[in-house]
Amino acid sequence: MGKFSWATVDPEKMSGSNPANAQNFVRGEWQDTKSTMNIIDPLNGEEFLVVPNTQLDEIGPFVEGLRSCPKYGLHNPLHNPERYVMLGEVCHRLSVLLGDQEIEDFFTRLIQRTVGKSWAQCKGEVVTCRKWLASFSGDNVRNLGRSFALPGDHSGQETRGYRWPFGGVAVITPFNFPLEIPLIQTLSALFMGNRPLVKVDEKVQIVFEQMVRLFLHAGLPKSDLDLLWSNGPLCMEVLKQGDSKMTLFTGSQPVAELLTTELRGRVKLEDAGFDWKILGPDVLDIDYVAWQSDQDAYAYSGQKCSAQSILFVHQNW
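As the structure is a computational prediction, the values presented were derived from the model and not from experiment.

**Q** Explain the overall build of the protein to me, please; I cannot follow it from the model alone.
**A** Looking only at helices and strands, the protein has ten helices and 14 strands in total. Its C-alpha atoms put the protein at 70 × 55 × 45 Å along the principal axes. Split into buried and exposed, the 317 residues of the protein put 46% on the buried side. Just so you have it, the protein exposes about 15,700 Å², and 53% of that area is on carbon and sulfur atoms.

**Q** How should the pattern of salt bridges be read in this particular structure?
**A** Any two side chains of opposite charge can pair if their charged atoms end up close together. Applying the stated criterion across every chain, the model contains 20 salt bridges. We note a salt bridge from Asp243 to Arg266, for which the minimum N-O separation is 2.6 Å. Pair noted here: Asp243 is in the loop between helix H8 (232-241) and strand S11 (246-250) and Arg266 is in the loop between helix H9 (253-262) and strand S12 (267-270), with a separation of 23 residues, a long-range link. Judged by its relative accessible area of 22%, Arg266 is partly exposed. We note a salt bridge from Lys277 to Asp296, for which the minimum N-O separation is 2.7 Å. Taken as a pair, Lys277 in strand S13 (residues 275-279) and Asp296 in helix H10 (residues 286-298) lie far apart in primary sequence, 19 residues in all. For Lys277, a relative accessible area of 19% puts it in the buried group. Salt bridges sharing partners connect three or more residues here, namely Asp243, Lys245, Arg264 and Arg266.

**Q** Mind showing me how you'd approach the sheet that holds strand S4 (residues 36-40) here?
**A** Sheets are built from strands paired through backbone hydrogen bonds, the pairs being either parallel or antiparallel. Spatial ordering of the open sheet is given by S1-S5-S4, a layout of three strands whose pairing is mixed. With partners counted over all chains shown, the strands left at the sheet margins are strand S1 (20-21) and S4, one partner each. Examined bridge by bridge, S4 and strand S5 (residues 47-52) share five bridges and lie antiparallel to one another. Within the sheet, the bridge partner assigned to Asn38 lies in S5 and is Val50.

**Q** Honestly, H10 in this entry has me stumped. Any pointers?
**A** The periodicity of an α-helix, 3.6 residues per turn, causes residues three or four positions apart to be oriented the same way. Taking 1.5 Å per residue, 13 residues should reach 18 Å; H10 reaches 18 Å between its end C-alpha atoms and fits that length. When H10 is considered as a whole, its buried residues turn out to be Val289, Ser293 and Ala297. Mapping the buried residues of H10 onto a view down its axis gives an arc of 60 degrees, with all of them on the same face. Exposed residues pointing more than 90 degrees away from the buried face of H10 are listed as Asp287 and Tyr298. Just beyond H10, the residue with positive phi is Tyr300, at close to 55 degrees.

**Q** So what exactly am I meant to see when it comes to the pairing of S12 here?
**A** Put simply, side chains in a regular strand alternate between the two faces of the sheet. Pairing of S11 with S12 involves four bridges; the strand directions are parallel. Its bridge partner lying in S12, Thr250 is registered against Glu270. Chirality of the crossover, the property in question, places the unit of S11, H9 and S12 among those that are right-handed.

Conventions we followed
- Residues numbered from 1 in each chain as written.
- Predicted model: local features only at pLDDT ≥ 70, side-chain atom pairs only at ≥ 80, totals over all residues.
- Heavy atoms only, no water.
- Helix = DSSP H or I, 4+ residues; strand = E, 2+ residues; numbered from the N terminus.
- Buried < 20%, exposed > 50% of the residue type's maximum accessible area, 1.4 Å probe, protein only.
- Areas by Shrake-Rupley, 256 points an atom, 1.4 Å probe, with all protein chains shown as cover.
- Salt bridge = Lys/Arg side-chain N within 4 Å of Asp/Glu carboxyl O.
- Pairing = 2+ DSSP bridges.
- Expected span 1.5 Å × (residues − 1).
- Arc of directions from axis to C-beta.
- Right-handed = clockwise from strand over helix to strand, strands pointing away.

Structure follows, in structure tokens:
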């Protein structure tokens, strides 16, 4: 089968004359849709990806997926605790797979094909994910579920606290980090027993679509998540009909405010950053500092939450 038996695209060969194809993942199966949309290659404007354009009459399985997870989740400290161990083992296998140079290069190049970042920035996402996965190998997923107990004030009484899942949840992530943000947020939801519906910005979702295929290759149960290709309004309809118990959104303030209203406050929001750099009185290596400040502010057009927003400079400079 080969080390890339799970992959369905080749980041080196995707082009207008040879477009790659993507699929939804729902009910444990990869599925096509009646309608598709084309994604533009940011390098040359060619239509190099053909992806699902899910329609309103096709959302039933996604709605069902959200509703299928009970409020006590796929697991919790009292139910199916073996899943904590299983997810730790999946993390270990994924970290080993991403440590393979060819697989690392596959995802680095695929990120680069969808967003205009340098090789170092794209590789940084893959390396960060690998190290994060390694940190949750073994018993560390189970350790996240650590509970507490407090002695009571009379015989026979005590207080216990558990980390409990929400149930059916959603993860919605932006274009600027096609792998790192959805991977960490999706697996974090799974760690605590939730069943996530995932939607990444459609311009870059092919990266996470291929990662989901690697998840399954590494042993993640097929029934654990759904992956939806759609526009924003249709995704909102899925969340409302599916009664998403919690939605984790990373993106713009207007969309965050809309989600907060439409989902009645059942959201967790990650918005833009405002990052300072301070140059103190010691003047050192002006050329390097100028280059670094320029990179921090304008690399990838500043489209990342860690981008330098303001620079305070001592008069010595």
